[in-house]
Amino acid sequence: QVQLMESGGGLVQAGGSLRLSCAASGSIFSIHDMAWYRQAPGKLREPVTVITSDGVTNYATSVKGRFTISRDNAKNTVYLQMNSLKPEDTGVYYCNAEVRAPGIDGTKDYWGQGTQVTVSS
């Protein structure tokens, strides 16, 4: 059983910073892509950023230049450094990982439980 555990959310003023972490645990052979998604109130969940196992990154246009994704493969952990936060960044942030694990043919997507980020104006 694979679990993703997020931490680091909270309340911050506009212009501030937060750092999110997401650690994968359980029986894992390898983790391919790791990503962050977010869901604002009344809106659909949307992709924010993704990082491959080789460290190649991609960002949504709305966060480019302000957010940085990184990962520690030895710890099966992905991070999201969020700077210059805006009220429109408010939402629940979810971690996603594409995992190879025992008993799974190929890979399977796993999700964290979500962590709330609130940016006040």
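Residues numbered from 1 in each chain as written. Predicted model: local features only at pLDDT ≥ 70, side-chain atom pairs only at ≥ 80, totals over all residues. Heavy atoms only, no water.

J.: What is the right way to read the overall build of the protein chain from this model?
T.: For the protein chain, the helix and strand inventory stands at zero helices and eleven strands. When the helices and strands of the protein chain are read in sequence order from the N terminus, they spell out β-β-β-β-β-β-β-β-β-β-β. Relative to the compact-globule value of 14 Å for 121 residues, the protein chain shows a C-alpha radius of gyration of 14 Å, a close match. Principal-axis analysis of the C-alpha atoms places the extent of the protein chain at approximately 45 × 25 × 20 Å. Classification of the 121 residues of the protein chain by burial places 39% in the buried group. Put simply, of all contacts in the protein chain between residues at least 6 apart along the chain, 56% involve residues at least 24 apart. Counting only carbon and sulfur atoms, one obtains 47% of the accessible surface of the protein chain, whose full area is about 6500 Å². (Helix = DSSP H or I, 4+ residues; strand = E, 2+ residues; numbered from the N terminus. Rg over C-alpha atoms; globule rule 2.2 N^0.38 Å. Buried < 20%, exposed > 50% of the residue type's maximum accessible area, 1.4 Å probe, protein only. Contact = heavy atoms within 4.5 Å. Areas by Shrake-Rupley, 256 points an atom, 1.4 Å probe, with all protein chains shown as cover.)

J.: Explanation requested: the sheet that holds strand E8 (residues 77-82) in the structure shown.
T.: Two pairing modes exist for strands in a sheet, parallel and antiparallel, and in both the strands are linked by backbone hydrogen bonds. The four strands lie next to each other as E1-E3-E8-E7, forming an open sheet whose pairing is antiparallel. The open sheet terminates on both sides in strands that have one partner only, identified here as strand E1 (3-7) and strand E7 (67-72). Across the sheet, the mean angle separating the axes of adjacent strands is 15° when strand polarity is ignored. (Pairing = 2+ DSSP bridges. Axes fitted to C-alpha atoms, helices over the stretch in contact; angles between N-to-C directions.)

J.: Got a minute to help me understand the pairing of strand E11 (residues 115-120) in this structure?
T.: On a regular strand, one side chain projects to one face of the sheet and the next to the other, so that they alternate. Burial of the side chains of E11 is restricted to one face: Thr115, Val117 and Val119 are buried, whereas none of Gln116, Thr118 and Ser120 on the reverse face is. Where strand E2 (residues 10-13) and E11 come together, four bridges link them in parallel fashion. Note that in E11 the partner of Gly10 across the bridge is Val117. Here three bridges tie strand E9 (residues 91-100) to E11, and the two strands are oriented antiparallel to one another. Along E11, the bridge assignment pairs Tyr93 with Thr115.

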